[in-house]
Amino acid sequence: MSQSIYDKVLQALKQAENHNSQLMVKPEVILWPDPENQWYDVIEVLQESIPQLLIYGNYEPSKKQGPAIWLKCMIAKALPEANWDANAIPVIYLPGVAKSDLRNVENAVFNFQPLLEYQYTGTLFIQENGREWSILAFVENPINGLGIKVSKDNATKDALKKTLPSIFQDWEVLTNKTIIDADYLNNQLFPDIIPTILKWMCKGDVILNTMDAGKGEVFTNLCKSQYQFDPDHKNIKAIAEKLGSQKNAWKYVWQLYATAPHKYPEMEDLLRLAKPADLGVGMYALPDESWPQVNEQKEEALALALTKVAKQDTIKALANLQDLDKEHSVRRNWVWFELGKSPLADALHYLVQMATKANETFSSSSIEAIKNYYTTNGFSVDQFMRKALAAVKSEKDKTIVKSIIHLFYQPWLENITHKFQKLVEQDASIFTSQKAVAESESFVLFVDAFRYELAEEFCKRLEKQKLKVSMQAGWSAIPSLTPTAKPNVSPIATAVSIQSDIAEFRPQLQNGKDLLTPVFREALKTAGFKLVTNVNDIQGDGKYWQEIGDIDTKGHEEQADMVKRIEELFEQVQEALDVVFERGIKRIKIVTDHGWLLLPGGLPKTQLNAGLTETRWGRCALIKEGANTDLLHLPWRWNPSIYIAYALGISFFKVNEEYAHGGISIHECLVPTLIIENSNVLNIESVIKLVKWINLKCTIHTNEVPEGYSIDIRTKYNDAKTSIVLSKNKILNEQSISLMVDDEAESQAATIVLLDENERIIDKKPTTVGG
């Protein structure tokens, strides 16, 4: 006869009582450690059959739960609640306690210590290998459990815990199953009733009208029996309150809503309407996370708190930021965060990290030391600052975030820049010793103003795509302006004259031609490089130069608001790489001309009389002969006899500018060089052979492929986050698989991708969802 998980747990606990009475005394108790609280939701059910099953926790005698001293009294049967048979061995369930906690006598908390003796006078309810019983391990165990294979992905582990109360005593649900995964478990809990409830709440009877009479009746019955409401939109306020309460079966409705709130845009207004005036207190309180007004109140409170923090000294401010982050971090798990309604809570996460990193000391004994600090750690200060600012949209929120940036980021930026300039003033060889070398790579992708910290973040993305990426940090030509610095990283660098006359910081070729755009392009051709302006320019073997990116333009136009353009830049670079790799190129070099300074709120202005300069840009100037200034003077890259004056520190020659480059700072002058190799394109003949859609079910057949290969369907083929497949198990079985996709993707263009065991893309095929 088939048995349920419940039956097997009862048997296993009974088995734990066994002992050889000739050799040892009867165990005083059975300790059941459960560090992840996986079994907590079914303990009450077990207590119906095991009255001696006690719970370690807060005092709740009705649940046979209490602290260690109370448990000791219960074991001694000194309390009337200890009403089990005298021969029964008590079981103490220990939620949140690991086996190792029992061994850690010296560090055990005071109120837990009385239980530690039971590990010697009792026995442990654990696996044969000495580990605690997880649900997954128990279901898979062939001796104590059910001997059913379980998928090891996190989704299945989570589904096991969530569905355990529902399937715990159901012997049929796992009968004849050889393997279970998240999809199967979730379908036992809610096949399609929950998304239908959410759609009905948002759209009303329009949803009911799409159902046939039988299905509509089932829907209504389920709503009444399982969710305690009659699907009548006149009662939508009370129904929405049930959703917000997250009680009983409604917690699963909320969970589904919270995973994809963008699918149900009307729900925010419904929950706003339904919020009770009093959410209650204690165990009967309704969850704060359900109501948009609560989130808005907390956002306003955070705004006031951050405004105060910005007026404090950095030590006190950092401590308060950390406290605020602990308080508000929970809201980053709320649905309103997913919907973009918690911008300050989002920004706070980055502000804390920015402030923490900015307060750390670093070595400035040499240029190499500063470079090493920045490339291993310092760059993250810029990333956190940028992401904090990008998280907010309203002018009010921007002002608040900028005030925190001003408190922590500006001093750090000034400090590292002053130290860098002082070292350069002593020894400028990182700039003056630069020599042009012939380009050895066949495909060079120039990304304008691809600052080092951006390249670091982009590299992490590429590595997730299983691309082989290497990055080196070097120094731009100075001044760090496109007319000077771009030729230095291009294939024509060896053709540029180092005795150039200066014209808006633009050099000439050795043949005397001014390096304007047409001349630059002609020089590329002379150097054997083809300028790529569209995909058809890439024709197999050859040498190519491609230019993309307008982040510098956006920086000058939008100033600090350019941070919201970074994602666009990443997508643009990613698209360029995809296209180039699709054309058969295996290796790409990414170069850039310069970085930039960004200080939300404005860089400090330094005065430079225009009458003293021949040419003046924001951070550098060509001083007239005979004019004296206290600025830093360094030789121009393309003619060392011409000296350029540079603004001190992070100052700017104009007022109210937040974005700038052309000066001497690690932010402007440290430039990345990336080499990207496409190891995803393998010489393998196995390809996607047949694709067949039946409604939202897609069946894919391939040629013979090695074991472990999988199929995914994505809206962006190289981005796993855009997968529209509902099933977590995507492994091919005998060269075929059937996958269900999200109904929201119906009729959309998508790409079927074949992945090897390392998730590298082997083949891809465009498709339209639903056929």
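Relevant structure appears above.
The present account deals with the structure reproduced in this document. (Residues numbered from 1 in each chain as written. Predicted model: local features only at pLDDT ≥ 70, side-chain atom pairs only at ≥ 80, totals over all residues. Heavy atoms only, no water.)

### Considering the overall build of the chain
- Tallying secondary structure elements over the chain gives 27 helices and 25 strands in all.
- Accessible surface computed for the chain: about 36500 Å², of which carbon and sulfur atoms make up 48%.
- Each charge class in the chain can be summarised by its mean position, and for the 84 positive and 100 negative side chains these summaries are 1 Å apart. (Helix = DSSP H or I, 4+ residues; strand = E, 2+ residues; numbered from the N terminus. Areas by Shrake-Rupley, 256 points an atom, 1.4 Å probe, with all protein chains shown as cover. Lys, Arg positive; Asp, Glu negative; His and termini not counted. Charge placed at Lys NZ, Arg CZ, Asp CG, Glu CD.)

### With respect to the pattern of salt bridges
- Scanning the model with the defined rule gives 35 salt bridges in all.
- The salt bridge involving glutamate 456 is made with lysine 460; its shortest N-O contact spans 3.3 Å. Here glutamate 456 and its partner lysine 460 are both found in helix H22 (residues 452–464), 4 residues apart, which amounts to about one turn of the helix.
- Classification of glutamate 456 by relative accessible area gives buried; the value is 11%.
- Because the salt bridges share partners, they merge into one network encompassing Arg386, Lys387, Arg451, Glu453, Glu457, Arg461 and Glu567. (Salt bridge = Lys/Arg side-chain N within 4 Å of Asp/Glu carboxyl O. Buried < 20%, exposed > 50% of the residue type's maximum accessible area, 1.4 Å probe, protein only.)

### Some points on the packing of aromatic side chains
- Taken as a whole and judged by the stated rule, the model has 28 aromatic pairs.
- Plain terms: the ring middles of tyrosine 59 and tryptophan 70 are 6.1 Å apart, the flat faces sit at 75° to each other, and that makes the pair edge-to-face. Taken as a pair, tyrosine 59 in the loop between strand S2 (53–56) and strand S3 (65–66) and tryptophan 70 in helix H3 (residues 68–75) lie far apart in primary sequence, 11 residues in all.
- A centroid spacing of 5.7 Å and a plane angle of 25° characterise the contact between phenylalanine 446 and tryptophan 545, whose relative ring orientation is stacked. In this pair, phenylalanine 446 sits in strand S8 (residues 443–447) while tryptophan 545 sits in strand S11 (residues 544–548), placing the two residues 99 residues apart along the sequence.
- Given a relative accessible area of 0%, tryptophan 545 falls into the buried group.
- Cluster of aromatic residues (ring-pair linked, three or more members): Trp32, Trp39, Tyr40, Tyr93, Phe125, Trp133 and Phe138. (Phe/Tyr/Trp six-rings, centres within 6.5 Å; stacked < 30°, edge-to-face > 60°.)

### Some details on helix H14 (residues 267–274)
- Listed as buried for H14 are Met267, Glu268, Leu270, Leu271 and Ala274. Along H14, the residues classed as buried sweep out an arc of 165° about the axis, all on the same side.
- Residues of H14 that are buried sit in contact with helix H9 (193–203), helix H12 (236–245), helix H13 (250–259), helix H15 (292–309) and helix H17 (335–338). (Arc of directions from axis to C-beta. Contact = heavy atoms within 4.5 Å.)

### A short note on the pairing of strand S24 (residues 749–755)
- Summarising burial for S24: 6 of the 7 residues are buried, a large majority.
- Across 5 bridges, strand S22 (residues 710–714) lies against S24 in antiparallel orientation. By the bridge assignment for S24, isoleucine 713 is matched with isoleucine 752.
- Across 7 bridges, the pairing between S24 and strand S25 (residues 761–768) is antiparallel. Across the sheet, the residue bridging to alanine 749 is threonine 768, located in S25.
- Where S24 folds back onto S25 in an antiparallel hairpin, the turn is made up of 5 residues, including glutamate 759, whose phi is positive at roughly 65°. (Pairing = 2+ DSSP bridges.)

### Topic: the sheet that holds strand S4 (residues 91–95)
- The 5 strands lie next to each other as S3-S2-S4-S1-S5, forming an open sheet whose pairing is parallel. In the strand order of this sheet, the two ends are held by S3 and strand S5 (123–124), each with one partner.
- Sheet topology places S2 next to S4; 3 bridges connect them, and they run parallel. When the bridges of S4 are listed, leucine 53 appears paired with valine 91.
- Against the sheet, helix H1 (residues 5–16) touches strand S1 (30–34), S4 and S5, its axis set at about 130° to S1.
- On top of the sheet, H3 reaches S2, S3 and S4; it is set at about 165° to S2, its chief contact. (Axes fitted to C-alpha atoms, helices over the stretch in contact; angles between N-to-C directions.)

### With respect to the state of the cysteines
- The final tally for this structure, using the stated rule, is 0 disulfides.
- Looking at the unpaired cysteine 620, the closest cysteine sulfur is the one in cysteine 669, lying at 10 Å.
- Overall, cysteine 620 belongs to the buried group, its relative accessible area being 0%. (Disulfide = S-S within 2.5 Å.)

### Focus on the nonpolar core
- With 121 residues, the main nonpolar core has Met354, Trp412, Phe420, Leu445, Leu577, Ile590 and Ile664 as its most contacted residues.
- Sorting elements by how many residues they give to this core places helix H20 (residues 395–426) first, with 13 residues.
- With residues near it in sequence (within four places) discarded, isoleucine 590 still touches Leu445, Val447, Phe450, Val573, Leu577, Pro672, Thr673, Leu674 and Ile676.
- By size, the runner-up hydrophobic cluster in this structure holds 38 residues, among which are Ala16, Leu146, Ala159 and Leu174. (Core = buried A, V, L, I, M, F, W, Y, C linked by side-chain atoms within 4.5 Å.)

### A few points about the sheet that holds S24
- Spatially, S22-S24-S25 is the arrangement adopted by the 3 strands of the open sheet, whose pairing is antiparallel. Every other strand in the sheet has two partners, leaving S22 and S25 as the edge strands with one partner each. Direction aside, neighbouring strands of the sheet carry axes that sit 20° apart on average.

### Here's the deal with the pairing of S1
- A large share of S1 lies buried, amounting to 5 of its 5 residues.
- Covered by surrounding structure in S1 are Ile30, Trp32 and Asp34 together with Leu31 and Pro33, the residues of both alternating faces.
- Direction of pairing for S1 relative to S5: parallel, over a ladder of 2 bridges. What sits directly across from leucine 31, in S5, is leucine 124.

### Re the packing of H15 against H20
- Viewed as axis vectors pointing N to C, H15 and H20 meet at an angle of 35°, and their least axial separation amounts to 9 Å. When the axes of H15 and H20 are compared, the crossing they make is left-handed. Every residue of H20 that contacts H15 at Glu300, Ala303, Leu306, Thr307 and Val309 is listed here: Lys396, Ile400, Ile404 and Leu407.
- A per-class count over the contact of H15 with H20 returns 6 nonpolar, 1 polar and 2 charged. (Left-handed = near helix turned anticlockwise from the far one by under 90°. Nonpolar A, V, L, I, M, F, W, Y, C, P; charged D, E, K, R; others polar.)

### Some words on the environment of serine 134
- On the secondary structure map, serine 134 appears in the loop between S5 and helix H6 (135–140).
- With a relative accessible area of 22%, serine 134 lands in the partly exposed category.
- Once residues within four sequence positions are removed from consideration, serine 134 is found in contact with Gln38, Trp39 and Gln127.
- From its side chain, serine 134 meets the backbone nitrogen of alanine 137 in a polar contact 3.0 Å long. (Polar contact = N/O pair within 3.5 Å; in protein donor to acceptor, adjacent residues only side chain to side chain.)

On their own, these measurements won't tell you what the molecule is for.
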